[in-house]
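Structure at a glance
What follows is each chain in one-letter form.
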Amino acid sequence: MVKIIADSACDLKDYPGIGFETVPLTLSTEERTYVDDKSLNLHEMLDYFYSHHGKSSTACPSTQAWLDAFEGADEVYVVTITSGLSGTYNSACVARDQYIENHPEAKVCVVDSLSTGPGEVLIIEKIVELKNAGKTFEEVSSVINGYRDKLRLFFGLRSLHNLAQNGRVSKIVASAVGIMNIRILGTASKEGTIEPVAKCRGEKKLIETIVSEFKKIGFKGGKIRICHVENEVLSTAIVTKLKEEFGKIDIKSILSGGLCGFYAERGGIIIGCECS
Ligand code: X90
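Okay, so let's go over this structure. No experiment lies behind these values; they were computed from the predicted model shown. (Residues numbered from 1 in each chain as written. Predicted model: local features only at pLDDT ≥ 70, side-chain atom pairs only at ≥ 80, totals over all residues. Heavy atoms only, no water.)

1. Points about empty space enclosed by the protein
The final tally for this structure, using the stated rule, is two cavities of 30 Å³ or more. If you go around the largest cavity, the residues you meet are Ser8, Asp11, Leu12, Lys13, Thr22, Asp36, Asp37, Lys38 and Gly257. Grouping the amino acids of the lining of the largest cavity by side-chain chemistry returns one nonpolar, three polar and five charged. Computed from the structure, the second largest cavity encloses a volume of approximately 30 Å³. Lining the second largest cavity are Phe155, Leu160, Val169, Val173, Ile184, Gly186, Ile194, Glu195 and Pro196. Ranked by residue count, the leading element in the lining of the second largest cavity is strand β10 (residues 194-201), at three residues. Its residues assigned to classes, the lining of the second largest cavity shows seven nonpolar, one polar and one charged. (1 Å grid on protein atoms, 1.4 Å probe; cavity = no way out; pocket = protein on both sides within 12 Å on 5 of 7 lines; lining within 4 Å. Points joined across faces, edges and corners; volume = space filled by probe spheres on them. Nonpolar A, V, L, I, M, F, W, Y, C, P; charged D, E, K, R; others polar. Helix = DSSP H or I, 4+ residues; strand = E, 2+ residues; numbered from the N terminus.)

So this is what it looks like as C-alpha cells:
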C-alpha cells in the first residue's frame, strides 16, 4: 500500500482518492494543549492564544506518531515543514529508519519542504501526479527534491509576535511590525528560514509588492497555492490580481490549519508557487 503523509503544517485536512494522512504538531500554553488535527477549531484556538498572555509554544510530532501513520504501508512519501524552523523533518527521518529496520521490504522517502503550508501542498500534489502517472518509488524519489528546489514561498503577516516569541525570527525584525496597518512581506530562504523582503503600508501595497516580487523571480504562470488565516478578503484579492497579471493560472486558496495559523497569525497569508 502507498501512503502520502504530511505534517499538519501543510494545512490540508484530506486528499481524496489517495492514501493521504496528516500527523499533527501541537500548540500549548502552560494550561492547555491543542492538537492540530481535523477536529481543531482555528477561530477558537486563535481567540484563546490572543487572550492568553503567558508563554505559548509548539512541538513537532513524535517519532511514534510518524510510525503509527506509516503502519500498513510498504511505500511511504513523507512531506515535512522546513527543517530550518522545526524538528519535524528530523523526527520523520528517525521514524523512517526505525520503520525500515522493522519492515525491511518497505520504502520510505522523506522530503524536507524547506517551506510550509502551500509549499508542502505543491510537493504533495506533485507526488500524487507522479504516482497517478505510474511512476515507481525510485523515480519519484529521484525527482522530488529537484521539484522542491523550484518552488518559492512568500508570506504577508500583520504580526511576527509568535514567531519571535518562539525564536523563529529575530526580535529586531519582529519589532518592525505590529504597528497599525504595517504588513511584513517575507520569503523562505534557500535554507528554509525566514527572510524579510519588505514592509508594506496596508494590504493594497502588500498585493502590489507581491506582484512585483513574482515578476522579480521570473514567475511565468506556474501553479500557485495559498493559505490564509481568516483573511478570505485578502486571499481573493491576491488571486484576482495574480490572474490579471499572469493570465490563466492554476491557483487555489484554503484556510490555514492550526500551526500556520498560530505563526502567520490572524490576517496572515502564505503563498507558494512553482517557479522554473
Ligand atoms: O517544531 C515546531 O514546533 C514547529 C515550528 C514552526 C515554526 C515556523 C512556522 C512558520 C509558519 C509563518 C510564515 C512562513 C515562513 C516559512 C519560511 C520557511 C508560518
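Moving on from the coordinates now.
2. As for the site of the ligand
Lining the immediate environment of the ligand, one finds 19 residues, of which Thr58, Ala59, Ser86, Arg168 and Ala188 sit closest. Take Thr58: an N or O atom from its side chain is 2.5 Å from an oxygen atom of the ligand. Side-chain polar atom of Ser86 to an oxygen atom of the ligand: 2.7 Å apart, as the coordinates give it. In isolation the ligand exposes 550 Å². Once the protein is present, 99% of that is buried. For the ligand, the cavity whose grid points lie within 2 Å of the majority of its atoms is the largest pocket. Listed by contribution, the elements that provide at least two residues to the shell around the ligand are β5 (56-59) and β8 (151-157). Split into classes, the residues belonging to the shell around the ligand amount to twelve nonpolar, six polar and one charged. (Near = heavy atom within 4 Å. Polar contact = N/O pair within 3.5 Å; in protein donor to acceptor, adjacent residues only side chain to side chain. Areas by Shrake-Rupley, 256 points an atom, 1.4 Å probe, with all protein chains shown as cover. Sits in = over half its atoms within 2 Å of the grid points.)

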